[in-house]
Amino acid sequence: MTEYRSVRVALLGGGTVGANVAKILLEHKEELAARVGATLELTGIAVRNIDAKRPVDLPAALFTTDARPLILGADIVVEVMGGIEPAREYILLALNSGADVITANKALLATHGTELFDVAERVGAQLYYEAAVAGAIPIIRPLRDSLAGDRVQRVMGIVNGTTNYILDRMDSEKDTFESALAMATELGYAEADPTADVDAFDAAQKASILASLAFHTEVPLESVYREGIRDISAEVVELARYAGFVIKLLAIAERVTDEATGIDSVSARVYPALIPREHPLASVHKANNAVFVQAEAAGSLMFYGAGAGGPETASAVMGDVVSAARRHVIGGPGKSESKHANLPLLPISEIETSYHVVLRVADEPGVLATVAGVFHDHNVSVELVEQGVFVPASGPAGKASTTTLVIGTHEARESDLASTVLALSKLPVVSAVVSVLRVEGA
Ligand code: NAP
Ligand code: HSE
């Protein structure tokens, strides 16, 4: 039997992800040793409560509440505890003491990534984070390594399993938002505070990470435009279905080239959007994730799979552990993050896309012309108008009757669309702006 040297692996966190990482390290020890050329020795698991119930059975002797000695004795530290502190402090301690670090913590990377990557580069350590975006799906490595010789134009994806699960149930089961969210939480997809999912903070963190990587530019979380799915009512889902669309929460990172100057900028944004039912992203169901990458030479690539879950996310963590361990065997410095392009960041007001605006209006002569005039006055070109669809056309008894207007636009600038909607909302003939949704992938 081949004898190997040991690479010491410390786990910070033994919850949904951590317990499954420990399980793989223990159960596949020999196979992993043959792949790495060294035995991956799990030295301990730092947790808050040693007696807490774990998703898998693990030897009690591995658990500790004292993270620091564990970190100081490790070659590789795997941070799967989540949150900002003490995760940040522990990762800095690990890097500064010469260990490589693997993390699944998108919240930490999106807020303190620059600091952590700078320290990793200074000390020549590796900081890997495949599991931080889209769970089991390999997307970080393809962007960082496989496409490093190409020029990425656009990354568009469903990167939050909880909101996809909710929107999918609202669409396919006609479930309510509240009931679908309760199920997503019960199934373990949602963050400890599901506001992070529903209000798209989680997706924005992932968009910040993807945009920074894809465009070799620092894209801080604050510069990612964010809209969550709270306003997506059953009525809005039904209207989308009627028009041949499905609603998905999308994270989009794109290179935008100014036609006049040829200067590139980066836009990073997260919002619920209408996707044509025949688009491949429309068939991403339940808590699955999918990411489309368009690159200059490679063309369109699609990555699909489980975006969350203990064993699934542990798979992505373990890929990083094996890579980091191989470097311990071979030697040499870690790879640093490249931010050489340093492209300017584009505000959402400068983005161009097409829209569907749904209005409830008075059902009387001249209303359509008045509404169309507002679009024209704000430089937004109308592509289609449909009246009286789906929503009951009559208003309350004794009042003038109302009807629904669905207006689809050609590509328009976000700032022009925003002023159009503001002006529409002030028209006496408009009783409600039911929804304003961007159309993507059409
Ligand atoms: P989790 O189930 O809540 O587990 C967190 C673990 O960290 C627990 O074992 C907890 O200890 C430990 N912990 C928390 N704070 C600690 C502290 N201050 N000191 C020591 N231990 C501490 O979380 P998770 O779902 O595994 O997620 C872990 C990370 O992976 C997060 O960054 C998350 O965003 C990311 N992630 C998760 C998924 C997923 O599907 N779950 C997918 C992708 C990425 P106790 O057990 O004693 O409470
Ligand atoms: N809450 C996250 C989601 C977990 O629903 O996608 C994976 O990052």
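**A few points about the overall build of the protein**
Here comes step 1: Secondary structure summary: the protein contains 14 helices and 17 strands in total.
Here comes step 2: Here the C-alpha atoms of the protein give a radius of gyration of 25 Å, agreeing with the 22 Å that 2.2 N^0.38 yields for 442 residues.
Here comes step 3: Taken across its 442 residues, the protein has 52% of its residues classed as buried.
Here comes step 4: A separation of at least 24 residues holds for 74% of the contacts in the protein among residues at least 6 apart in sequence.

**Digging into the site of ligand 2**
Here comes step 1: The local shell around ligand 2 consists of Lys106, Asn160, Gly161, Thr162, Tyr189, Ala190, Glu191, Asp197, Asp202, Lys206, Gly307 and Ala308.
Here comes step 2: In this structure, Gly161 approaches ligand 2 through a main-chain N or O atom, which is 2.7 Å from an oxygen atom.
Here comes step 3: At a separation of 2.6 Å, an oxygen atom of ligand 2 approaches a polar side-chain atom of Thr162.
Here comes step 4: Look at ligand 2: alone it shows 260 Å² of surface, and the protein chains cover 90% of it.
Here comes step 5: Contributions of two or more residues to the shell around ligand 2 are made by helix H7 (161-172) and helix H10 (201-215).
Here comes step 6: Of the residues in the shell around ligand 2, the class split is three nonpolar, four polar and five charged.

**A few points about helix H4 (residues 87-96)**
Here comes step 1: Most of H4 is tucked away, with seven of its 10 residues classed as buried.
Here comes step 2: Among all positions in H4, only Ala87, Tyr90, Ile91, Leu92, Leu93, Ala94 and Leu95 are buried.
Here comes step 3: Just downstream of H4 lies Gly98, where phi reads positive at about 95°.

**So, the domain arrangement of the protein**
Here comes step 1: Parsing the protein into structural domains produces domain 1 (7-135 + 311-330), domain 2 (140-306) and domain 3 (351-439).
Here comes step 2: One C-alpha centre belongs to domain 1, the other to domain 3, and the line joining them spans 52 Å.

**A few points about the site of ligand 1**
Here comes step 1: In the vicinity of ligand 1 there are 22 residues, among which Gly14, Val17, Asn49, Arg54 and Gly309 approach most closely.
Here comes step 2: Contact distances for ligand 1 include 2.7 Å between an oxygen atom and a backbone N or O atom of Asn49.
Here comes step 3: Arg54 has a polar side-chain atom sitting 2.5 Å from an oxygen atom of ligand 1.
Here comes step 4: In isolation ligand 1 has 900 Å² of accessible area, and contact with the protein removes 81% of it.

**What about the nonpolar core?**
Here comes step 1: In this structure, Val77, Ile139, Leu143, Val155, Ile247, Val270 and Val293 are the most contacted members of the largest nonpolar core, which totals 79 residues.
Here comes step 2: At nine residues, the largest contribution of residues to this core is made by H10.
Here comes step 3: Two domains share this core, each providing at least three of its residues, namely domain 1 (7-135 + 311-330) and domain 2 (140-306).
Here comes step 4: Apart from the residues lying within four places of it in its own chain, the contact partners of Val270 are Ala200, Ala203, Ala204, Ala207, Val224, Tyr225, Arg226, Glu227, Leu249, Leu250 and Ala251.
Here comes step 5: The next biggest cluster of nonpolar side chains, apart from the first, holds 34 residues, and it includes Val9, Val36, Ile102 and Ala314.

**Comments concerning empty space enclosed by the protein**
Here comes step 1: The tally for this structure, following the rule as stated, stands at two cavities of 30 Å³ or more.
Here comes step 2: Counted as a void, the largest cavity has a volume near 40 Å³.
Here comes step 3: Taken together, Phe117, Ala120, Glu121, Ala125, Leu127, Lys335, Ser336 and Glu337 form the lining of the largest cavity.
Here comes step 4: It is helix H5 (residues 106-123) that contributes the most residues to the lining of the largest cavity, three residues altogether.
Here comes step 5: The class makeup of the residues in the lining of the largest cavity is four nonpolar, one polar and three charged.
Here comes step 6: In this structure, the second largest cavity occupies an estimated 30 Å³ of space.
Here comes step 7: Those elements that provide at least two residues to the lining of the second largest cavity are helix H13 (367-377) and strand S14 (382-387).
Here comes step 8: Here the lining of the second largest cavity gets three residues from one element, more than from any other, and that element is H13.
Here comes step 9: Across the lining of the second largest cavity, the residue classes break down as six nonpolar, no polar and no charged.

**Points about the sheet that holds strand S2 (residues 39-46)**
Here comes step 1: Taken in spatial order, the six strands of this open sheet run S3-S2-S1-S4-S5-S6, and their pairing is parallel. With partners counted over all chains shown, the strands left at the sheet margins are strand S3 (63-64) and strand S6 (127-128), one partner each.
Here comes step 2: Direction of pairing for strand S1 (residues 6-12) relative to S2: parallel, over a ladder of seven bridges. By the bridge assignment for S2, Leu11 is matched with Ile45.

**What about the layout of surface pockets?**
Here comes step 1: Quantified by volume, the second largest pocket comes out at close to 480 Å³.
Here comes step 2: Among the elements of the structure, strand S9 (245-257), strand S10 (264-276) and strand S13 (352-362) are those that each provide at least two residues to the lining of the second largest pocket.
Here comes step 3: Residues that form the lining of the second largest pocket fall into these classes: six nonpolar, five polar and nine charged.

**So, the pattern of salt bridges**
Here comes step 1: Per the stated rule, a full pass over the model turns up 29 salt bridges.
Here comes step 2: The closest approach of N and O atoms between Arg277 and Asp171, which form a salt bridge, is 2.6 Å. Here the residue Arg277 occupies a position in the loop between S10 and strand S11 (288-295), and Asp171 occupies one in helix H7, the gap between them amounting to 106 residues.
Here comes step 3: Owing to a relative accessible area of 11%, Asp171 belongs among the buried residues under this scheme.
Here comes step 4: With its nearest N and O atoms 2.6 Å apart, the salt bridge here joins Asp202 to Lys206. Here Asp202 and its partner Lys206 are both found in helix H10, four residues apart, which amounts to about one turn of the helix.
Here comes step 5: Judged by relative accessible area, which is 2%, Asp202 ranks as buried.
Here comes step 6: Residues joined in a network through salt bridges with shared partners are Lys106, Glu191, Asp202 and Lys206.

Reading guide: rules and limits
- Residues numbered from 1 in each chain as written.
- Chains lettered and ligands numbered in written order.
- Predicted model: local features only at pLDDT ≥ 70, side-chain atom pairs only at ≥ 80, totals over all residues.
- Heavy atoms only, no water.
- Helix = DSSP H or I, 4+ residues; strand = E, 2+ residues; numbered from the N terminus.
- Rg over C-alpha atoms; globule rule 2.2 N^0.38 Å.
- Buried < 20%, exposed > 50% of the residue type's maximum accessible area, 1.4 Å probe, protein only.
- Contact = heavy atoms within 4.5 Å.
- Near = heavy atom within 4 Å.
- Polar contact = N/O pair within 3.5 Å; in protein donor to acceptor, adjacent residues only side chain to side chain.
- Areas by Shrake-Rupley, 256 points an atom, 1.4 Å probe, with all protein chains shown as cover.
- Nonpolar A, V, L, I, M, F, W, Y, C, P; charged D, E, K, R; others polar.
- Domains from an automatic or database assignment.
- Core = buried A, V, L, I, M, F, W, Y, C linked by side-chain atoms within 4.5 Å.
- 1 Å grid on protein atoms, 1.4 Å probe; cavity = no way out; pocket = protein on both sides within 12 Å on 5 of 7 lines; lining within 4 Å.
- Points joined across faces, edges and corners; volume = space filled by probe spheres on them.
- Pairing = 2+ DSSP bridges.
- Salt bridge = Lys/Arg side-chain N within 4 Å of Asp/Glu carboxyl O.

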